[in-house]
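Remarks on the overall topology
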Amino acid sequence: MTTIEVATSADGRAARSARTRDAVVEAFLELLDAGDRQPTAQRVAARAGVSVRSVYVRFEDLDAVMVSAAQRQWERVLAIAEPLPASGPLPMRLDAFVAQRCRVLELIAPVRRAAEAQEPDSPALASLLAWARQTARDEIGRVFALELEPLPRAARTRLLDALDVAAGTTTWEALRRHQGRSAGAARRVVAEMLAAVLARVSNHEE
């Protein structure tokens, strides 16, 4: 076999391995979306159309699959998220923020639930979730900077905390799963909560 043939063969194996890895991650995400909060290697392999051995050849364990799945999900979220306005009338900024934030919260819910269940035992997942939470909080800070920045530091932190909680995963989970609200109804509640918190700031300034 020539050097070129060896290189071509190696490239082919690497491509097949990458496709298998992608198939495993996609299968894991599909199972989570279908309501399987703790997919086993057997179910993941069956869904991906590969052997269980293939799963463990490419991933150290199922925690590593979960981390890759969570990363893939966030990559998709960041890819579809549009830049939100940081200036202009508050109602316009609020509407744009609520529409996108609630769409994202609904999309990530199955993966987030699974990741949070494993978070205490997985430093990698804990780090990824911490990054996601900080990213979401930073977005609030940008969109509502006009309302936040004039405030004293302590008041600014309290307002950011309130907005973060109102537009956060825990609130969305409570509305959608615990209260059984539809996505549309939950979105209206989130919008009203945010508007009420921001109105208190505006009224105080007046």
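Everything below is about the structure printed above this text.
Below or above, wherever it landed, is the structure these notes cover. Numbers given to residues run from 1 along each chain, matching the order in which its sequence is written. For this predicted model, a pLDDT threshold of at least 70 governs which residues receive local features, and a threshold of 80 or more governs which side-chain atom pairs are given and counted, while totals over whole chains, interfaces and linings are taken from all residues. To obtain the side-chain values, all non-hydrogen atoms of the structure were used and water was disregarded.

This part covers the overall build of the protein. Each helix is a run of H or I in the DSSP string that is no shorter than four residues. Each strand is a run of E no shorter than two, and both are numbered from the N terminus. The number of helices and strands found in the protein is ten helices and zero strands. Ordered by position from the N terminus, the helices and strands of the protein form the series α-α-α-α-α-α-α-α-α-α. Here the C-alpha atoms of the protein give a radius of gyration of 21 Å, more than 25% beyond the 17 Å that 2.2 N^0.38 yields for 206 residues. C-alpha atoms of the protein, sized along the principal axes, occupy 80 × 40 × 30 Å. Residues count as neighbours in contact if any of their non-hydrogen atoms are within 4.5 Å of one another. Pairs at least 24 apart in sequence give 65% of the contacts found in the protein among residues at least 6 apart. As presented, the protein carries roughly 11700 Å² of accessible surface, and 54% of it is formed by carbon and sulfur atoms. For the purpose of charge, His is not counted, nor are the chain termini; Lys and Arg are scored as positive and Asp and Glu as negative. Every charge is mapped to an atom, namely NZ of Lys, CZ of Arg, CG of Asp or CD of Glu. Looking at charge distribution, the protein has the averaged site of its 28 positive side-chain charges lying 3 Å from that of its 27 negative ones. We take the radius of gyration over the C-alpha atoms and set the globule estimate at 2.2 Å times the residue count to the 0.38 power. Areas reported as accessible are Shrake-Rupley estimates using a 1.4 Å probe. Residue values count occlusion only from the protein chains shown.

Here helix 4 (residues 62-80) contains 19 residues, and its C-alpha end-to-end distance of 27 Å stays within 8% of the 27 Å for a straight helix at 1.5 Å per residue. Under the scheme applied here, a residue whose accessible area is under 20% of the maximum for its type counts as buried, over 50% as exposed, and between as partly exposed, the area being computed with a 1.4 Å probe on protein chains only. Those residues of helix 4 not exposed but buried are Val 65, Met 66, Val 67, Ser 68, Ala 69, Ala 70, Arg 72, Gln 73, Trp 74 and Val 77. We define a polar contact as two N or O atoms separated by no more than 3.5 Å, with the added condition that, inside protein, one atom must be a possible hydrogen donor and the other a possible acceptor, whereas residues neighbouring each other in sequence contribute only through side-chain atom pairs. The N-capping residue of helix 4, defined by a side-chain oxygen 3.2 Å from the backbone nitrogen of Asp 63, is Asp 61. In this scheme, a helix's expected span is set at 1.5 Å multiplied by one less than its residue total.

What follows deals with the packing of aromatic side chains. Any pair of Phe, Tyr and Trp rings, taking the six-membered ring for Trp, is counted once the centres come within 6.5 Å. Such a pair is stacked with planes under 30 degrees apart, edge-to-face with planes over 60 apart, and tilted for the rest. As enumerated under the stated definition, the model contains two aromatic pairs in all. A ring pair is formed by Trp 74 and Trp 131, whose centres lie 5.9 Å apart and whose planes are at 85°; its orientation type is edge-to-face. A residue pair is termed long-range when its members are at least 10 positions apart, and Trp 74 in helix 4 and Trp 131 in helix 6 (residues 123-143) qualify at 57 residues. We classify Trp 131 as partly exposed; its relative accessible area is 39%. Ring geometry for Phe 97 versus Phe 144: centroids 5.4 Å apart, planes at 75°, classification edge-to-face. Taken as a pair, Phe 97 in helix 5 (residues 90-118) and Phe 144 in the loop between helix 6 and helix 7 (145-148) lie far apart in primary sequence, 47 residues in all. No difference in accessibility class separates Phe 97 from Phe 144, as the two residues are buried.

Here the axes come from fitting lines to C-alpha atoms, over the contacting stretch only for helices, and the angles between their N-to-C directions go from 0 to 180 degrees. Where helix 4 contacts helix 6, the two axes come as close as 9 Å, and the packing angle between them is 15°. Compared by their axis directions, helix 4 and helix 6 come out roughly parallel. Read as a crossing pair, helix 4 and helix 6 show a hand that is left-handed. Of the residues in helix 6, those touching helix 4 at Asp 63, Met 66, Val 67, Ala 70, Gln 71, Trp 74 and Leu 78 are Ala 124, Leu 125, Leu 128, Trp 131 and Ala 132. Here roughly perpendicular refers to angles of 65 to 115 degrees, roughly parallel to angles under 35, roughly antiparallel to angles over 145, and oblique to all remaining angles. The handedness criterion is simple: a crossing whose near helix is rotated anticlockwise from the far helix by less than a right angle is left-handed, and one whose near helix is rotated clockwise is right-handed.

What follows concerns the pattern of salt bridges. Any two side chains of opposite charge can pair, so long as their charged atoms come close to each other. Salt bridge criterion: a side-chain nitrogen from Lys or Arg within 4 Å of a carboxyl oxygen from Asp or Glu. Counted by the stated rule, this structure contains 16 salt bridges. Taking the shortest distance from any N to any O, the salt bridge between Arg 176 and Glu 106 comes out at 2.7 Å. Linking Arg 176 in helix 9 (residues 169-178) with Glu 106 in helix 5, this pair joins segments that are 70 residues apart in sequence. The class for Arg 176 is partly exposed, based on a relative accessible area of 24%. Relative accessible area serves as the criterion here: at 31%, Glu 106 is assigned to the partly exposed category.

Turning next to the packing of helix 4 against helix 5. At a minimum axis separation of 10 Å, helix 4 and helix 5 run at an interaxial angle of 160°. Judged on the interaxial angle alone, helix 5 and helix 4 are roughly antiparallel. Of the two elements, helix 4 crosses helix 5, and the hand of that crossing is left-handed. Two secondary-structure elements touch here, helix 4 through Asp 63, Met 66, Ala 70, Gln 73, Trp 74, Val 77 and Ile 80 and helix 5 through Val 104, Leu 107, Ile 108, Val 111, Ala 114, Ala 115 and Gln 118. Per-class residue counts for the contact of helix 4 with helix 5 are eleven nonpolar, two polar and one charged. Gly counts as polar in this scheme, as do all residues outside two lists: the nonpolar Ala, Val, Leu, Ile, Met, Phe, Trp, Tyr, Cys and Pro, and the charged Asp, Glu, Lys and Arg.

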